Amino acid sequence: MSRTEAPPLPEPLRVPVADSHTHLDMQDATVEEGLARAAAVNVTTVVQVGCDVTGSRWAAETAAAHPSVHAAVALHPNEAPRIVHGDPDGWSRQEARQPGGRAALDEALAEIDALAALDHVRGVGETGLDHFRTGPEGIAAQEESFRAHIEIAKRHGKALVIHDREAHADVLRILAEEGAPERTVFHCYSGDAEMARVCAAAGYFMSFAGNVTFKNAQPLRDALAVAPAELVLVETDAPFLTPSPYRGRPNAPYLIPVTLRAMAEVRGTDEDTLAATVYDNTARAFDF
């Protein structure tokens, strides 16, 4: 089987569900094809997430054009230091970029602020911290951007979508310092059961992706097992994090049933109940 070949459509869910975090602009299919495949397995709603100004504009336009798409807009945590410091050696695995300094970051944040005001934009994210890809010199820019996004989400009454990679304590600290928005979502939740209890106490949603199915992901499954039902979401983060047994092949919203069924098994519930709960939670988190 080719690593580039799309996995087959899974058995459809009986109850509609939502993909709380996807990147349709990074997938091979057209938007229409991607949404049709998702709908064929009862994934009826997706949240399209922007990672930079261009992607956020695209997310907003796509949500405006498709009733089943809701948008989230932001500068990804690794985008903020690229804007400020540039990327001459390609550390971010994107194209080289000249440094723009603080003024360029302010300009980009102003654009995100304007997009966040739009009605079909339901979230501000993905924002947060990434200590895996960004080195120490970029942390200040990341933190400044994160704090700005928290303020934007609160001012516009939108959900905050968190990217937290190897930065759990700092993300939780900044949310506490700034005061988290009423609806805060940990996208691709990556903490353990102890952190899940902390998030639950704060009322943060935890969105689980295909990596919850990976053999080495027992801490994630432990977290899923203790997360309150009313705070659990499911996502693809497509084209990344394709669930087992298709790990390494392209992900897309139509593969949500594979992850959801694995989640139901971990939680000791049936897939219909979990799908209904997750759909309601996603609608509540993103106010649609």
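Residues numbered from 1 in each chain as written. Predicted model: local features only at pLDDT ≥ 70, side-chain atom pairs only at ≥ 80, totals over all residues. Heavy atoms only, no water.

Caption draft 1: Molecular detail of the environment of Val31. Note that Val31 resides in helix H1 (residues 31–40). For Val31, a relative accessible area of 12% corresponds to the buried category. Distance in space between the C-alpha atoms of Val31 and His66 is 9.1 Å, their sequence separation being 35 residues. For Val31, the contacting residues outside a window of four places in its chain are Leu24, Trp58, Thr62 and His66. (Helix = DSSP H or I, 4+ residues; strand = E, 2+ residues; numbered from the N terminus. Buried < 20%, exposed > 50% of the residue type's maximum accessible area, 1.4 Å probe, protein only. Contact = heavy atoms within 4.5 Å.)

Caption draft 2: Spatial organisation of the packing of helix H2 (residues 53–65) against helix H4 (residues 101–116). Put simply, H2 and H4 touch, their axes get as near as 10 Å, and they point 10° apart. Put simply, H2 runs roughly parallel to H4. Contact with H2, carried on its side by Val53, Ser56, Arg57 and Ala60, involves Ala108, Glu111, Ile112 and Leu115 of H4 and no other residues of that element. Its residues placed into classes, the contact of H2 with H4 shows five nonpolar, one polar and two charged. (Axes fitted to C-alpha atoms, helices over the stretch in contact; angles between N-to-C directions. Parallel < 35°, antiparallel > 145°, perpendicular 65-115°, else oblique. Nonpolar A, V, L, I, M, F, W, Y, C, P; charged D, E, K, R; others polar.)

Caption draft 3: Local environment of the packing of aromatic side chains. Taken as a whole, this structure holds three aromatic pairs when the rule is applied. An angle of 50° between the planes, with centres 5.4 Å apart, marks the rings of Tyr189 and Phe208 as tilted. Here Phe208 lies in strand E7 (residues 205–208) and Tyr189 lies in the loop between strand E6 (184–186) and helix H7 (193–202), a separation of 19 residues in the sequence. A single burial state applies to Tyr189 and to Phe208, both of which are buried. On the basis of an interplanar angle of 80° and a centroid distance of 6.1 Å, the ring pair of Tyr279 and Phe288 is categorised as edge-to-face. (Phe/Tyr/Trp six-rings, centres within 6.5 Å; stacked < 30°, edge-to-face > 60°.)

Caption draft 4: Just the nonpolar core, in detail. With 80 residues, the main nonpolar core has Val17, Phe146, Leu175, Phe186, Tyr189 and Phe208 as its most contacted residues. Element by element, the count of residues in this core is highest for H4, at six residues. Filtering out sequence-adjacent residues up to four positions away, Phe208 remains in contact with Tyr189, Leu220, Ala223, Leu224, Val232, Leu233, Val234, Glu235, Thr259 and Met263. (Core = buried A, V, L, I, M, F, W, Y, C linked by side-chain atoms within 4.5 Å.)

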